[in-house]
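Notes for the structure review
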Amino acid sequence: MMVPDNKSIAALNLNSLPVGVCIIRENYTISTWNQTLEKWTGIDADDATDNLLSSVVKRFADPLIKDRMNVVFNGGGPVILSSRFHSRIFPLKSETQNEGKFQKITISPFELPDGEPRAMIAVEDVTAITEQVFKYRQIKDQIKYELEEKKKTEKALAVAINKLNTLASITRHDLNNSLTVFLGYLYIILNNNPEGKIAKYLENMKQAAEVMRNHIAFARDYQEMGHSLPSWFNIHTLVETSGVGPTFSGVTFTVETGTLEVLADPLIKKAIYNLLENAVRHGEHTSLITFKSLPVEDKILLIIEDNGKGVPESIKEKIFERGFGSNTGLGLFLVREILGITGMEIKETGTEGTGAKFEIRVPAGNFRYPGR
Amino acid sequence: MDVSEEVLDGVKELITIGVGRSAGMLNRLTRTHVTLTVPEVCISDTYSECTIKHSITTQDTHHTSRVVLDFSGEITGTFNLIIPHISALNLVIILTGEEGSPDEMDALRVETLLEVANIIISSVMSALSILISSKLSFQYPSYQTSSSDGEHLTFKDQSDVGINARTRFLVQEKEIEGDIFIVLNRESFEHLTARIMTLMETGL
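Read on for an overview of the structure. (Residues numbered from 1 in each chain as written. Chains lettered and ligands numbered in written order. Predicted model: local features only at pLDDT ≥ 70, side-chain atom pairs only at ≥ 80, totals over all residues.)

**Some thoughts on the environment of Val21(A)**
Residue and element names in this part refer to chain A.
- With respect to the element layout, Val21 can be found in strand 1 (residues 20–25).
- Since 20 C-beta atoms lie within 10 Å of it, Val21 is described here as buried.
- In this structure the C-alpha to C-alpha distance between Val21 and Ile107, which are 86 residues apart in sequence, comes to 9.8 Å.
- Not counting residues within four places of it along the chain, the set of residues in contact with Val21 comprises Leu14, Thr32, Asn34, Thr36, Leu37, Met120 and Ala122. (Helix = DSSP H or I, 4+ residues; strand = E, 2+ residues; numbered from the N terminus. Buried ≥ 20, exposed ≤ 12 C-beta atoms within 10 Å, placed from the backbone. Contact = placed C-beta atoms within 7 Å.)

**Section: helix 5 (residues 186–202) of chain B**
Residues and elements named next belong to chain B.
- Given a rise of 1.5 Å per residue, 17 residues ought to cover 24 Å, and the 24 Å separating the end C-alpha atoms of helix 5 matches this to within 8%.
- Along helix 5, the residues classified as buried are Ser188, Phe189, Leu192 and Ile196. Buried residues in helix 5, looked at end-on, bunch into an arc of 100°, giving them a common side. What points out from helix 5, more than 90 degrees from its buried face, is the exposed set Glu190, Ala194, Thr198, Glu201 and Thr202. (Expected span 1.5 Å × (residues − 1). Arc of directions from axis to C-beta.)

**Thoughts on the nonpolar core**
- Core analysis: the largest hydrophobic core is formed by 77 residues, its most contacted members being Ile121(B) and Val124(B).
- When residues of this core are assigned to their parent elements, the largest contribution, 11 residues, is made by helix 4 (residues 107–128) of chain B.
- Listed in part, the 36 residues of the second largest apolar core include Val255(A), Tyr273(A), Phe358(A) and Phe367(A). (Core = buried A, V, L, I, M, F, W, Y, C linked by C-beta atoms within 7 Å.)

**Observations regarding the sheet that holds strand 9 (residues 288–296) of chain A**
All names here are of chain A.
- Pairing is mixed in the open sheet, where five strands are placed in the order 7-9-10-12-11. Looking at which strands have only one partner, the edges of the open sheet turn out to be strand 7 (252–256) and strand 11 (345–348). Ignoring strand direction, the axes of neighbouring strands in this sheet form an average angle of 15°.
- Pairing of strand 10 (residues 299–306) with strand 12 (residues 357–362), which is carried by six bridges, proceeds in the antiparallel orientation. Its bridge partner being in strand 12, Glu305 is matched across the sheet by Lys357. (Pairing = 2+ DSSP bridges. Axes fitted to C-alpha atoms, helices over the stretch in contact; angles between N-to-C directions.)

**Some thoughts on helix 8 (residues 235–242) of chain A**
Residue and element names in this part refer to chain A.
- For helix 8, the set of buried residues is Ile235, Leu238, Val239 and Ser242. The buried side chains of helix 8 occupy one side of the element, clustering within an arc of 95° when seen end-on. Across helix 8 from its buried face, at more than 90 degrees, point the exposed residues Thr237, Glu240 and Thr241.
- For helix 8, the secondary structure elements touched by its buried residues are strand 6 (231–234), strand 7, strand 8 (261–264), helix 9 (268–283), strand 9 and strand 10.

**Some details on the pairing of strand 2 (residues 30–33) of chain A**
Residues and elements named next belong to chain A.
- Summarising the sheet, strand 1 and strand 2 pair through three bridges and their orientation is antiparallel. Across the sheet, Ile24 pairs through a bridge with Ile30, a residue of strand 2.
- Connecting strand 1 to the antiparallel partner strand 2 that follows it, the hairpin turn spans four residues, and Tyr28 within it adopts a positive phi of roughly 70°.

**Let's talk about the interface of chain B and chain A**
- On the side of chain A, 26 residues touch chain B, which itself brings 27 residues to the contact.
- Every element with two or more residues in the side of chain B that touches chain A is listed here: helix 1 (5–30), strand 2 (63–72) and helix 4 of chain B.
- Sorting elements by how many residues they give to the side of chain B that touches chain A places helix 4 of chain B first, with 12 residues.

**Topic: the sheet that holds strand 6 of chain A**
Residues and elements named next belong to chain A.
- An order of 6-8-13 is seen for the three strands of this open sheet, with the pairing classed as antiparallel. Pairing within the sheet leaves two strands with one partner each, and these edge strands are strand 6 and strand 13 (367–368).
- Pairing of strand 6 with strand 8, which is carried by four bridges, proceeds in the antiparallel orientation. Considered in strand 8, the bridge of Ser231 is made with Ala264.
- Contacting strand 6 and strand 8, helix 8 runs over the sheet at an angle of about 70° to strand 6.

In structure tokens:
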């Protein structure tokens, strides 16, 4: 039961508030003790009212809290007792109850209409938020720890990759040097016009050495993939800069992709060059290569078509395999790998006899049209 | 703005008394040795003049944490305790002896900072209250974050007067600086000035 000290406080109906409310007089005796406090503490308003605050709530006997309280009646304004510095000032009915476990207390001075000073002690139950913050901090610390571990692993990996790259680079360089010497001697012998089986064997050796050189070049290109961060490339510019040189004399390029840009590994320049070079080399009579773009749902289809001899149905997928082909067998394999770094997929969908047609599917978010 | 040495000294003394009292309370509350000093006080009716050179409100590199308390009555104005955000966070962490990552001012830390600021504000207001004869009405203190460009401290009225006191915390050999910034309306400031002058002449 709440015992109000006058009509004006009674009219406030402090019992309906979700906070514990205790009003004290200037002599520190309790004048009001609301039902929320009764519920949390198990102390009846009858037992609390007119008694000294420190005899009902023992923590208020603490000299430090007393000093803080003094400020309230001495013109210092409201006093805050946070849950962090003062865990649970008001006692709980049961040690196992969750309500009121963490309390935030505000003590504010006010005056009754007759000028008599009072202080209102509002007890806020901050248990839920306190426990949530603790959990949140725990999760954050765990994430931070995991991130630090990840960083350490990444650093170790970077060192290992760097070592491997250095080793690969040195090995390639040394192999190339030895191969150059080897080919040099081979050409000297071939220039001496060997005959019969020897000539055939030497020719085979020359071809094998060229394949070795291509493998070394492939190893270099493959190592470079994914080394740099992907960036935006304008299709028009890529075609313009790739389709130059004697290989493409007599070939017309038509680019109908507008301002289309794709997010790609910087090696995309090599990929586009390989596609163009393939179109000319394998198309046999290719004179026109067209670039188009087509929206498909939330993606973009970049279509590269030529008017060469096309790709037979039976090898449409095999052309992307490493080792396939009449040249080095690395071109289209590399193209697929380079495009794959940023999620692009390539396939051949042309008709044999009318020309090759490559479709590159660019995922949503990895293409844009500046200026649109 | 012309402010007599007496008034400046009087205000500085009262703020120092309040700040000193709050240091004592913080020592007892946190069982940590806390030293609080007020090395400089400035009074002016324009914001630019009112902010002390090197005061945190004139630094534009960081965001600040601010605890604000409005009061009215015989004197009317706003009390601001302003601390650079990171310093405020560190202050709370040191005072509470928390472990873990001190990277965010979460709800608990805000609540703790509010109590620390409340101790300082209450002590200073209590010290200033010897200049007035009636009790003031106070709003509930609020926590705010803002950039340290001082825009948020713009006087409510052109005739307002600002009292800026640089406050230096020394906690566990770490120095944290903040600003106490009290904005008073002109009438309140003149009232305080007259009371200081009277006290100087007659004594307490």
